[in-house]
Amino acid sequence: MSKTTAVFSPVILRLFLLQLPCLRKALAMFEVITSEASYLRSLTVAVNHFSRSQELLGTLTLTDRHMLFSNIHEVKDASERFLLDLEERLEDNIFLTDISDVVLQHCAEFHRVYVPYVTNQMYQEKTMQHLMLNEQFVQVLRKLEEQPICQRQVLKSFLILPFQRVTRLKILLEKILMLTSPESPMADSVRKAVEAIGKIISRCNENVKKMRQIEELVSLEKQLEFGSTKFLPLISQKRFLVKEGELNEISGPESGCATTSIYLHLFNDLLLLSRKEKGRFSVLDYASITKVRVDCFETKSLVFVLCLLENHKASNRNVIVGAGNECEMQEWVAAISTLQRGGGILGSVDR
């Protein structure tokens, strides 16, 4: 080894090590760009090869088209504009120093296109399941999926990409933040970008949860039979099912303390009592959760009383019920009492 090499090697190594965090951060930012480019290529296949295929569209109704592809073309356009700005930043300086400001500039558009697309996920899945029973659709779809442009990927794998991308983007930004010095002026901008993408993900999750809750109400309402009980519209934007199950209703001493199965549907604002027969529910009574009280007997008893202070007839009714075990009884008592103390979400039932 030469004398010069012996002198300068430690210096060069030290300089390299000092620059290493910056290089890692630049590579992390570069990964945002390369992964967005790959994502956009796949979205282009989804839009141009599938959603604009006249042969495939010929097998779909207008409703099927909307449910299956939703606003994926808008998602693609947003990705295209985002990638263009990222590439311009790369052209300005190949050694990337910051892209968080670019992310923040596009967050409003991301919210506009990603939230409705992800919210539609449940209906997209159901539509795909329904369409797979359509022989003509399946035949055309298979032919499109076998094309080289798909690289052996099926339509479903393309449609799910936006769900995955918004989460991946947050992970990549978190990695950049981890590699950024907390004292750096850039740290605050990166943190804001992470939070902004996180809010979009949270809104997506909230909407998906809400749609599933509404779908659950729609399905349940179809199974309810009110008979002589006053009809109650079950579907509401703010209502959701908290707990359901079958217990034993215990009649008074005059009936020999006989037991009959009774089914409870506990919603955030409502308690509904019914008899379950052949997959359907014959509604017996209901009350706003604010008008329900629970009274327990001695400590080890599995029996408790549901006090409906104002039922569907606007009158008072007590229903004695028994659980199968102590854990089941405690769960019901705790669930009803917690909602009752909190006043439910709606506070009252619309009649």
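Before any of the text, the structure's been laid out above.
Residues numbered from 1 in each chain as written. Predicted model: local features only at pLDDT ≥ 70, side-chain atom pairs only at ≥ 80, totals over all residues. Heavy atoms only, no water.

A. Representation of the overall build of the protein. Across its full length, the protein carries 11 helices and 8 strands. Counting the 351 residues in the protein, one finds 43% classified as buried. Across the protein, every contact between residues at least 6 apart in sequence was considered, and the portion connecting residues at least 24 apart equals 64%. (Helix = DSSP H or I, 4+ residues; strand = E, 2+ residues; numbered from the N terminus. Buried < 20%, exposed > 50% of the residue type's maximum accessible area, 1.4 Å probe, protein only. Contact = heavy atoms within 4.5 Å.)

B. Looking closely at the pattern of salt bridges. Scanning the model with the defined rule gives 22 salt bridges in all. Between Arg191 and Asp188 there is a salt bridge; the shortest N-O distance is 4.0 Å. In this pair, Arg191 and Asp188 are both assigned in helix α10 (residues 185–221), 3 residues apart and thus about one turn of the helix distant. Looking at Asp188, the relative accessible area reads 39%, which means it is partly exposed. Connected through salt bridges with shared partners, the residues Glu74, Arg81, Glu109 and Arg112 form a single ionic network. (Salt bridge = Lys/Arg side-chain N within 4 Å of Asp/Glu carboxyl O.)

C. A look at the side chain of Ser288. Among the secondary structure elements, Ser288 is positioned in strand β5 (residues 280–288). Overall, the relative accessible area of 4% leaves Ser288 in the buried class. Among the polar contacts listed, one links the side chain of Ser288 to the side chain of Thr290, at a separation of 2.9 Å. (Polar contact = N/O pair within 3.5 Å; in protein donor to acceptor, adjacent residues only side chain to side chain.)

D. Local environment of the pairing of strand β4 (residues 270–277). Strand direction decides the pairing type here: strand β3 (residues 259–267) and β4, joined by 4 bridges, are antiparallel. Counted as the bridge partner of Leu264 is Leu273 from β4. A loop of 2 residues connects β3 with β4, the two strands running antiparallel in sequence. Taken together, the 8 bridges between β4 and β5 define a ladder with antiparallel strand orientation. Paired with Leu272 across the two strands is Tyr286, which belongs to β5. Counting the residues between successive antiparallel strands, the hairpin from β4 to β5 contains 2 residues, one of them, Lys278, with a positive phi of roughly 55 degrees. (Pairing = 2+ DSSP bridges.)

E. A look at the environment of Leu284. As for its placement among the helices and strands, Leu284 is situated in strand β5. Among the residues examined, Leu284 registers a relative accessible area of 23% and is labelled partly exposed. Separated by 58 residues in sequence, Leu284 and Phe226 have C-alpha atoms that sit 7.5 Å apart. The residues touching Leu284, leaving out its near neighbours within four places in the chain, are Thr229, Ile262, Leu273, Ser274, Arg275, His312 and Arg317.

F. Layout of the packing of aromatic side chains. Per the counting criterion, the structure on display carries 6 aromatic pairs. Measuring from centroid to centroid gives 5.1 Å for Phe82 and Phe110, while their planes differ by 90 degrees, and the two rings are edge-to-face. A residue pair is termed long-range when its members are at least 10 positions apart, and Phe82 in helix α4 (residues 72–92) and Phe110 in helix α5 (residues 100–119) qualify at 28 residues. A single burial state applies to Phe82 and to Phe110, both of which are buried. The rings of Phe82, Phe110 and Tyr114 are connected pair by pair, giving a single aromatic cluster. Just above the ring of Trp332 sits the side chain of Lys243; from NZ or CZ to the centre is 4.9 Å. (Phe/Tyr/Trp six-rings, centres within 6.5 Å; stacked < 30°, edge-to-face > 60°. Lys NZ or Arg CZ within 6 Å of the ring centre and 35° of its normal.)

G. Structural detail: the sheet that holds strand β1 (residues 224–225). The mixed open sheet is built from 8 strands, whose spatial order is β1-β5-β4-β3-β2-β8-β7-β6. The sheet is open, and its two edges are formed by β1 and β6 (292–296), each paired on a single side. Running over the sheet, α10 touches β1, β2 (241–250), β3 and β5 and is turned about 145 degrees from β3. Taken strand by strand, helix α11 (residues 326–342) contacts β2, β3, β6 and β7 (303–308), and its axis lies near 125 degrees from that of β2. (Axes fitted to C-alpha atoms, helices over the stretch in contact; angles between N-to-C directions.)

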